Every structure is written in C-alpha cells, then in structure tokens.
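Chains, contacts and geometry: an overview
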Amino acid sequence: MPEVKMTVNGKPASGQIEGRTLLVDFLRENLGLTGTHVGCDTSQCGACVVHVEGRAVKACTMFAAEAEGMEVKTIEAMAEPDGTLHPIQAAFQDHHGLQCGFCTPGMVMSAAALLKDNPTPTEAEVRDYLEGNLCRCTGYHNIVKAILAASGQDVSKIAAE
Amino acid sequence: MYAFDIERPTRLTDAVKLLSDATDSQPLGGGQTLIPALKARLAAPERLVCLSAVDEIKGICTADDGALCIGGGTCHADVAAGAGAYPALASLAANIGDPAVRNRGTIGGSLANNDPSSCYPAAVLGSGATVVTTNRKIAADDFFEGMFTTSLEEGEIITEVRFPVPEKANYQKFEQPASRFALVGVFVAKYADGVRVAVTGASEDGVFRWSEAEAALSSDFSAGAVEGLSLSGDGMISDMHGSGDYRAHLVGVLTRRAVAAAG
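Residues numbered from 1 in each chain as written. Chains lettered and ligands numbered in written order. Predicted model: local features only at pLDDT ≥ 70, side-chain atom pairs only at ≥ 80, totals over all residues. Heavy atoms only, no water.

- For chain B, an unreviewed UniProt entry supplies the name Carbon-monoxide dehydrogenase medium subunit and the organism Roseovarius tolerans.

- As named in an unreviewed UniProt entry, chain A is Carbon monoxide dehydrogenase small chain, taken from Roseovarius tolerans.

Re the sheet that holds strand β12 (residues 208–209) of chain B
Residues and elements named next belong to chain B.
- The strand order across the open sheet built from four strands is β9-β10-β11-β12, with neighbouring strands paired in antiparallel fashion. Of all strands in the sheet, those with a lone pairing partner are β9 (168–175) and β12, marking the two edges.
- Against the sheet, helix α9 (residues 211–219) contacts β10 (182–191), β11 (194–200) and β12, and its axis sits at roughly 150 degrees relative to β11. (Pairing = 2+ DSSP bridges. Helix = DSSP H or I, 4+ residues; strand = E, 2+ residues; numbered from the N terminus. Contact = heavy atoms within 4.5 Å. Axes fitted to C-alpha atoms, helices over the stretch in contact; angles between N-to-C directions.)

With respect to the sheet that holds strand β5 (residues 68–71) of chain B
Residues and elements named next belong to chain B.
- One open sheet accounts for five strands, arranged β4-β5-β8-β6-β7; its pairing is antiparallel. Each having just a single partner strand, β4 (60–62) and β7 (137–139) make up the two edges of the open sheet. Recorded for the sheet is a direction-independent mean angle of 20 degrees between the axes of neighbouring strands.
- As defined by bridge partners, strand β6 (residues 130–133) adjoins strand β8 (residues 158–163) across four bridges and the pair is classed as antiparallel. Bridging from a neighbouring strand, Thr133 pairs with Ile158 of β8.

Overview of the domain arrangement of chain A
Residues and elements named next belong to chain A.
- Taken as a whole, chain A is organised into domain 1 (3–77) and domain 2 (87–150).
- Taken residue by residue, the interface counts 16 residues in domain 1 and 15 residues in domain 2.
- For the pair domain 1 and domain 2, the summed buried area comes to about 1,100 Å², and 63% of that belongs to carbon and sulfur atoms.
- Inspection of the domain 1/domain 2 interface yields zero salt bridges. (Domains from an automatic or database assignment. Buried area = accessible area lost by both parts, 1.4 Å probe. Salt bridge = Lys/Arg side-chain N within 4 Å of Asp/Glu carboxyl O.)

Examining the interface of chain B and chain A
- On the chain A side, the residues contacting the 28 residues of chain B number 22 residues.
- The tally of links from chain B across to chain A stands at eleven residue pairs in polar contact (both at pLDDT 80 or more).
- For the side of chain B that touches chain A, the secondary structure elements donating two or more residues are α2 (34–39), β3 (47–50), α3 (76–82) and α5 (99–102) of chain B.
- Looking at the side of chain B that touches chain A, the element that brings in the most residues is α2(B), giving four residues.
- Partitioned by chemical class, the residues of the side of chain B that touches chain A number 15 nonpolar, seven polar and six charged. (Polar contact = N/O pair within 3.5 Å; in protein donor to acceptor, adjacent residues only side chain to side chain. Nonpolar A, V, L, I, M, F, W, Y, C, P; charged D, E, K, R; others polar.)

A few points about the pairing of strand β3 (residues 49–52) of chain A
All names here are of chain A.
- The alternating pattern of β3 places Val49 and His51 on one face and Val50 and Val52 on the opposite face, and all of these are buried.
- Note that β3 and strand β4 (residues 55–58) share four bridges and pair antiparallel. What sits directly across from Val49, in β4, is Lys58.
- Counting the residues in the hairpin turn of β3 and β4 gives two residues, including Glu53, whose phi is positive at 50 degrees. (Buried < 20%, exposed > 50% of the residue type's maximum accessible area, 1.4 Å probe, protein only.)

Things to note about the pattern of salt bridges
- Applying the stated criterion across every chain yields a total of 20 salt bridges over all chains.
- The salt bridge involving Asp78(B) is made with Arg55(A); its shortest N-O contact spans 2.9 Å. Of the two residues, Asp78(B) sits in helix α3 while Arg55(A) sits in strand β4, which places them in two different chains.
- Judged by relative accessible area, which is 28%, Arg55(A) ranks as partly exposed.
- A salt bridge links Asp141(B) to Arg196(B), with the nearest nitrogen and oxygen atoms 3.1 Å apart. Separated by 55 residues along the polypeptide, Asp141(B) in helix α8 (residues 140–143) and Arg196(B) in strand β11 bring together distant segments of the chain.
- The exposure class assigned to Asp141(B) is partly exposed, which follows from its relative accessible area of 41%.
- Since its relative accessible area comes to 14%, Arg196(B) is described here as buried.

Let's talk about the layout of surface pockets
- Taken as a whole, the second largest pocket holds about 440 Å³ of empty space.
- Along the walls of the second largest pocket sit 20 residues, with Asp117(A), Tyr129(A), Ala77(B), Pro99(B) and Arg102(B) positioned nearest its centre.
- For the lining of the second largest pocket, the secondary structure elements donating two or more residues are β4, α3 (104–117) and α4 (123–129) of chain A together with α3 and α5 of chain B.
- Classifying every residue of the lining of the second largest pocket by side-chain character gives nine nonpolar, four polar and seven charged.
- Residues from two domains meet in the lining of the second largest pocket; each of domain 1 (3–77) and domain 2 (87–150) of chain A gives at least three. (1 Å grid on protein atoms, 1.4 Å probe; cavity = no way out; pocket = protein on both sides within 12 Å on 5 of 7 lines; lining within 4 Å. Points joined across faces, edges and corners; volume = space filled by probe spheres on them.)

What about the UniProt feature "domain: FAD-binding PCMH-type" (unreviewed entry) in chain B?
- UniProt's entry tags residues 1–168 of chain B with the feature "domain: FAD-binding PCMH-type" (unreviewed entry), counted in the numbering of this structure.
- Its end C-alpha atoms 45 Å apart, residues 1–168 of chain B is made of 31% helix and 19% strand. (UniProt positions renumbered as here; feature names shortened; annotations may be inferred.)

Quick look at the domain arrangement of chain B
- Partitioning chain B into structural domains gives domain 1 (1–49) and domain 2 (168–262).
- The straight-line distance from the C-alpha centre of domain 1 of chain B to that of domain 2 of chain B is 34 Å.

Take a look at the structure:
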C-alpha cells in the first residue's frame, strides 16, 4: 500500500492507504480524529467539511492521496489547546446553534471558511454559504444567528424563530 | 468502491503518459462527480490519474484576441473569483453546487463528464468557446455529443477553455430544489455577429442551441422577441421532477428572463 504524508492540524501525519481511501477515512481511522463526521457519504450533508490548504472541502469526496503534502485542518484544531472554544464554537453554544451536534463540526468549519473570506456576511450570505451543510434538528435559524454573532454583528434583534 | 490504484502526477506530460499505457485508467479532475460514481460502482477503473497536482492546467488569463482562457484544472470557486472579465460566466460558476464542491470541482472535469443538467456546458456552447485538449482544439459546436458523451478520445485531457467575451450575457438556472442541478438552465450571449442561446437540463441529448431563439434575438435583442417562440416537449427529459412539456415551457421562460437580465 502506498504511503501518504500531509500536515494535519499543524503536525506531520502519515500512513499507509489504499488508492480508494477517502480523506475522511484517513482522518478518522488512521489518525483517530473522529470529530470529522460522515453523515451521508454522498457529498450532500457537509458533516465532513474540513479545510485543505485553507479551503473548505468535503472530506468524503476527496481521496487521502489527493491531500499529499497539503495542510489539513479539522474541527479538533479549532479550540485552543487549553480547551477555550473558538469564537464560532462559543457562539454556537451561546446561541443554541446545535441540538444533536452531529452536523456541528461541518457547520463550524464551513462558517470559519465563510468568515475568512467575508468577515461580516449578511444573513442571506450566511444561508447561501451553508447550502451544502444539512442540519436535521435546528431549522438553521440559530446556526445562522450564531455565525452572525461570531462575526461580531449584533444579533439581539434577530428573534429565535 | 472497488479497489484501484491512484497516481498523482505533477506534470501534464506524465499524466498523458499514464493515461496512454496499458492499464485501464481514468483521469480524476476535482472528483465531485466521479468519486460519488465510484462509490456507487458506476465506474470501476483499475487506476485513477489525479490531475489536481498538475498546476500548468490551472489559472485564468486573457488572450491577445481578448478571449478569457481558463485552465481545465481550475476549480469553480477560482472561476467565480477570477473571471470578472466575463461576469455571466463568473456568476454561473459561483452557483454550481455548494461552496465546498466549488473548491474541488473543475471546469475540465465538468465538461468531460457532460452531465445533461450541469451548468458549464451551457456557458461553453452559448459562448461558442473553444475546448483545448492535449491533442487539439475543439469548437464547442463539435464538442458535445449527447448525454455524458463528448468528442474527447481516451486519455485526452482538457487543458484550457477559451471563451470569447460577449457584449452582454446572462445565465438563468431553474434549480431542482434538492440537488441544485439545473432542472433547466439557459445561457444567452450577445456577440457583435449574433446571439447564441444554449440550453442545459432539458434535452435527452444534453446541452443544445435553440436556433429559433438565436435568430429572433439576433435581429431584436429583447425578451419580447422570443415571446411567441416555443419548443416541443418531445425529446425533453421527463422524470419525477418535471415532464418534458414542463421543461420545454421553462426554456422559453428562462430565455426571456436571461435576455431581460442581460439588459
């Protein structure tokens, strides 16, 4: 089996893979980084979103071999080493942006990619950007609210619908 | 997925070499269609030749004749951000799939696959673009040969697509609400020598030009000029999302909207 090497969450990572090994399986099974979830495995739900070279991608629709030599960031690297939550994670907690939590890693990684490109998005832009992230619990309102709050915008007037 | 080997060349010549040896190989662009197809066992090559590390087929530039040239390995997000010289094309790219898909899927991969409901074929045919491959240059009118079929030969790689930039253009997509693929999409482009109208999502033969609308719009570029025109539902895709007649009707509606939006 060939070997793949990449940088995951700032640390060198390598492992033996098959050609068909998906990036998400490499992260979860070889590296034990189970924060990245597999929801649909058909690139619909976005629970597996990670950053590759700083860009959001669906880790279930990319082979591990394609990430050779690249920088990969997963949900495990969002909080500080001491456990202090990333501002987006804290906003999800403050604004009740999760219920079962299964979609949350993908939501947080997508939100981080959005805010990097567009630091103060409108509500419509947030909703548009989350097109590829499905949540079956919340109805999205509080996720959108959390992301707007994480961007530093006043969300006190947005009612929890 | 069945097992396969994967190669990740960094030079185009190496990719071509790998695709032409005895092993049953298939090129892998961004994989946003091919990987789901592999998972569903609709494709089972012995080897994938991954093109994502071939930097020489990525990027956007303007040619001496003013055409916008997009490398075959350029992802949709980069076209959306970098094709400002052709706003209708940038906007089309910005609305394919979702953001994460747009960060991986490529223009070359989309065209080579020629899904009957994908967006890029409409832009390429509607612009009279030229598809440049490792072997030759193919005019858009000769490239698309029906659903999931193109004039590409085995091992031929799309290196670049050259779009003549029109005076005005617009793409209207009526989304199938679950998949976000085009239930019908219409690309209208007005050039000095005439108007082109390309339709995706509708026909069982894949993307096509609506010649009656082109003739009408070439003499009068207004939504009213195509008011009385209609297409037959025969040969249109008919499925759980819409009948052939419904799609044929949408072509007319979206063409008028595209002309109005192009201004």
